[in-house]
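# Examination of the molecular architecture
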Amino acid sequence: MKLQKGQTWVQTIKGSRNEITSFDIMFGAGKSANVSVDFHEKKSGQLLGSWKLEVPEAEESHYQHFAFETPVDNAMGKEYEIKIQTEETSEPTVSLPYTEKDFYGNGSLTAGGEKLDGDLFFLLNATSGFMRKLFMGFAAWVILGGAVLAFLVIRRKCRTENLFLVLGLTWGMFFVIFFPPNTAPDENAHIATAYSNADRIMGREAEDEQGKVSVRASDLNIPVMTDVSRKTFNMVYEKWQEPVNDQAVSYIRGRLGTPIVAHLPQTIGVVLGWLTGQGAVQTLYLGKFMGLLFYIFCVYWAIRFIPWGKMSLMLIALFPMSLELAGSFSYDCLVNALCFLFIGYTMHLIYKKEIVTWKDILFLAAIAGIMAPCKIAYIFVCGICFLIPKKKFRKKQYFIGCGMIMASGVVFLIIERMSFLYNSLVATGESAGAVEGAVGFSLHDIISQPINSLKMVFNTYFEQGEYYLGTIVGQSLGWFQVNISWVVIAGLLLLLFMTTFSSAQESECMTAKERIVVIMLSLIMIGGTVMGMWLNFTPDFCTYIAGVQGRYFLPFLPLLVLAVKNKTIYIRKKRDYGLAAAVFALEFMAALDVWRYIIK
């Protein structure tokens, strides 16, 4: 349609990004013509940009570009108007093509006050300006954390657990914010479970007839985007602005078969979000934040309780992988935190506390009772309670009770897995995850083919050993997309190795008997983890055991490190402050790797 003299075309649009930098409009074929284009905010009528130009003669439709001198800020969700009119005094020579139907959906088109059915052909060019503000805000947070750490280091009168508090909050918040919901492994399943738990706590119907979790319509409107990218952050920012819709609807999936305590910290965050009327994104971030707080609380007391090996425990708890899981909906947050707390408190009973009371046994039983049902294989962490000297128990019943913690866990493990073990002994099933429909291994296959099974074990070590070492620290974060430099990984492993040296502050180490027990328990947990993935995840054509990740070894890694602590190398000076400063620097380098991936 030709642009008539004195006629104004108005296209309304809606901002879908934080900053609008420019826009393009399609003009039709024709002779050259002088036009004016104005860009207004619809609600206030404020003029944000004005252009006068000569549309060149063209034989076919083409776009004209209009750039703002200053980007239009805070544009998300706001409505704007693009007004176009000709300044020609003669017959019209330029046309404005438009669609026959309203494909845009977020605006309307009028020509001379008459509403048309379609929209102009236009391009809205925008940037994620909020990312710059987010980066600057977090940079200020890191500077504050660094300043507090520097103050503590200079004073040289700070407990190791307080150093962890500063480092854990500083970098834990980084992983909460810069790894949006659904970007941790299998996080969508854990989010669904936290939603289901929140429904139960609030007295709502938790699942529909198909077993799908009941949520608010706002919660269902969050796309499952697993990549840590600008696209995901744009979605998060856009959904942050949306109003709350409390209508009950069914979620995209059902819950995991875990007890409510497995996701309790995150569930509390979801309940708080629902009770205070927060949006879907805000509610998810509350869940992530509550998980981080729970993790920091447990590890803080674990470091405080443990009589020696404090820096080893702190360093493992600050691995990028540990912090990513801590700031996610995964039950690994709770499992890791409680395993560390169990190790720390049991070491306190073994080496420091003179008398073990019923309260100590009850405390350990409570931790084991919460931790074990989440991932039953880690019940063998509780085996270190047998290292508590018998003479420390005031009553014989307390010693028996301590042993029953471990015995009951093993019995529960056998009962819980009995059906699976029986089926695995007599038949070959389908692989659970590597390749859909592929035939997997059974326990009968593994036992009846010892040569092939040994070959699988050796191939796994040689082909996947480097991967396990890297992923236990955090070499691949998110859904294995964000790669952290091996400089960071090697640096953190070197610091962990240095914590095994004796010093003036920590000269204790395990006896030969204690080392044997700890190493045996660790081997059982390693074997159980590997065997589980062998039976559940590995297809029969695979030459190594698939699906095993380094993060599966985090809960009992402190035990292995404490077992190798020795007096061969002795450091006279206090090393805690130097190690804390080095950890801060390496975490900063890891954060740069994450940021570089986001903005690439």
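Structural notes, computed from the coordinates. (Residues numbered from 1 in each chain as written. Predicted model: local features only at pLDDT ≥ 70, side-chain atom pairs only at ≥ 80, totals over all residues. Heavy atoms only, no water.)

### So, a nonpolar patch on the surface
The condition is simple: Like charges are joined within 9 Å and nonpolar side chains (Val, Leu, Ile, Met, Phe, Trp, Tyr) within 5 Å, but only among residues with over 30% relative accessible area and no salt bridge; these make up the patches. Residue burial considers only the protein chains on display, and all accessible areas are found by Shrake-Rupley using a 1.4 Å probe. When a carboxyl oxygen of Asp or Glu lies within 4 Å of a side-chain nitrogen of Lys or Arg, that pair is called a salt bridge. Counting from the N terminus, the helices are the DSSP runs of H or I reaching at least four residues and the strands are the DSSP runs of E reaching at least two.
Together, Ile201, Ile260, Leu264, Ile268 and Leu272 give the surface a local cluster of nonpolar side chains, amounting to about 370 Å² of exposed area. Ranked by residues supplied to the nonpolar patch, first place goes to helix 6 (residues 264-275) with three residues. As for its position among the elements, leucine 264 is in helix 6.

### A few points about the sheet that holds strand 3 (residues 33-41)
Keep this limit in mind: Pairing between strands is defined by DSSP: at least two bridges between them are needed. Helix axes are fitted to C-alpha atoms over the stretch in contact, other axes to C-alpha atoms as well, and angles between N-to-C directions run from 0 to 180 degrees.
Within the open sheet, the six strands sit side by side as 4-3-6-1-7-8. Their pairing is antiparallel. Since the sheet does not close on itself, it has two edges, and those belong to strand 4 (47-55) and strand 8 (114-116), each with one partner. Recorded for the sheet is a direction-independent mean angle of 20° between the axes of neighbouring strands. Note: strand 7 (residues 109-111) against strand 8, three bridges, orientation antiparallel.

### Section: the state of the cysteines
Formally: Criterion for a disulfide: a pair of cysteine sulfur atoms within 2.5 Å. Residue burial is assigned from relative accessible area. The probe radius is 1.4 Å, only protein chains are included, and a residue is buried under 20% of its type maximum, exposed over 50%, and partly exposed in between.
For the structure on display, the rule yields zero disulfides. We note that cysteine 298 lacks a disulfide partner, and the nearest cysteine sulfur, in cysteine 333, lies 8.2 Å from it. With relative accessibility at 4%, the residue cysteine 298 sits in the buried group. Residue classification places cysteine 333 among the buried residues on the basis of a relative accessible area of 1%.

### A short note on the environment of phenylalanine 462
Structurally, phenylalanine 462 can be placed in helix 14 (residues 450-473). Each C-alpha atom of the pair phenylalanine 462 and serine 328 lies 31 Å from the other, and the pair is 134 residues apart in sequence.

### Here's the deal with the packing of helix 2 (residues 160-178) against helix 18 (residues 576-599)
What counts is decided by this rule: An angle below 35 degrees is read as roughly parallel, one above 145 as roughly antiparallel, one from 65 to 115 as roughly perpendicular, and any other as oblique. The contact criterion used is simple: two residues touch if any of their non-hydrogen atoms lie within 4.5 Å.
Look at helix 2 against helix 18: their axes get within 11 Å of each other, and the N-to-C directions meet at 0°. It follows from the interaxial angle that helix 2 and helix 18 lie roughly parallel. Listed contacts from helix 18 to Thr160, Leu163, Leu167, Thr170, Trp171, Phe174, Phe175 and Phe178 of helix 2 are Asp576, Tyr577, Ala580, Val583, Phe584, Glu587, Phe588, Ala591, Val594, Trp595 and Ile598.

### Focus on the side chain of arginine 551
Which entries qualify depends on this criterion: Counting of polar contacts relies on pairs of N or O atoms within 3.5 Å, with two restrictions inside protein: one atom must be capable of donating a hydrogen and the other of accepting it, and residues adjacent in sequence are counted only when both atoms are side-chain atoms.
For arginine 551, the location among the structural elements is in the loop between helix 16 (512-536) and helix 17 (557-564). Taking the relative accessible area as the measure of exposure, arginine 551 reaches 8% and is therefore buried. Polar contacts involving the side chain of arginine 551 include one to the side chain of aspartate 332, which spans 2.6 Å. Discounting chain neighbours no more than four positions away, the residues touching arginine 551 are Pro185, Asp186, Met321, Leu325, Asp332, Thr471 and Ile472.

### Observations concerning the layout of surface pockets
The test is simple: Each cavity reported here is a set of points on a 1 Å grid over the protein atoms alone in which a 1.4 Å probe fits but cannot get out, each pocket an open set with protein on both sides within 12 Å along at least five of seven lines, and each lining residue one with an atom within 4 Å of a point. Grid points are joined across faces, edges and corners, and a volume is the space filled by probe spheres set on the points. Any residue outside Ala, Val, Leu, Ile, Met, Phe, Trp, Tyr, Cys, Pro, Asp, Glu, Lys and Arg is labelled polar, Gly included; the first ten of those are nonpolar and the last four are charged.
Of the pockets and cavities examined, the second largest pocket occupies roughly 590 Å³. Tyr468, Ile472, Ile526, Phe553 and Leu560 are, among the 21 residues lining the second largest pocket, the residues nearest its centre. Among the secondary structure elements, those contributing two or more residues to the lining of the second largest pocket are helix 14, helix 15 (486-498), helix 16 and helix 17. Looking at the lining of the second largest pocket element by element, the count peaks at seven residues for helix 14. In terms of residue class, the lining of the second largest pocket is made up of 18 nonpolar, three polar and no charged.

### Some points on unusual backbone geometry
One can expect most non-glycine residues to show negative phi and most peptide bonds to be in trans. Of note in the backbone geometry, asparagine 74 takes a positive phi value of approximately 50° without being a glycine. Relative to the helices and strands, asparagine 74 is located in the loop between strand 5 (62-72) and strand 6 (79-86).

### Considering empty space enclosed by the protein
Inspection of the entire model under this criterion finds six cavities of 30 Å³ or more. Looking at the largest cavity, its volume works out to about 50 Å³. What lines the largest cavity is simply Ser218, Ile222, Lys239, Glu242, Pro243, Gly279, Ala280 and Gln282. Taken together, the residues of the lining of the largest cavity sort by class into three nonpolar, three polar and two charged.

### Some thoughts on the nonpolar core
Condition: Grouping buried Ala, Val, Leu, Ile, Met, Phe, Trp, Tyr and Cys residues that are joined through side-chain atoms within 4.5 Å yields what is termed a nonpolar core.
Residues Leu167, Trp171, Phe174, Tyr195, Tyr295 and Phe319 are the most contacted members of the largest nonpolar core, which totals 145 residues. Looking at which element gives the most residues to this core, the answer is helix 10 (residues 332-351), with 14 residues. Leave out the neighbours within four places in its chain, and tyrosine 195 touches Val213, Val215, Asp219, Tyr251, Val270, Trp274 and Leu284. In this structure, Ile25, Val37, Leu53 and Phe122 belong to the second largest nonpolar core, which totals 28 residues.

### What to know about helix 10
Rules: Expected span, for any helix, means 1.5 Å times one less than how many residues it has.
With 20 residues, helix 10 should reach 28 Å at 1.5 Å per residue; the first-to-last C-alpha distance of 28 Å fits that figure. Counting buried positions along helix 10 yields 19 of 20 residues, so the element is predominantly enclosed.

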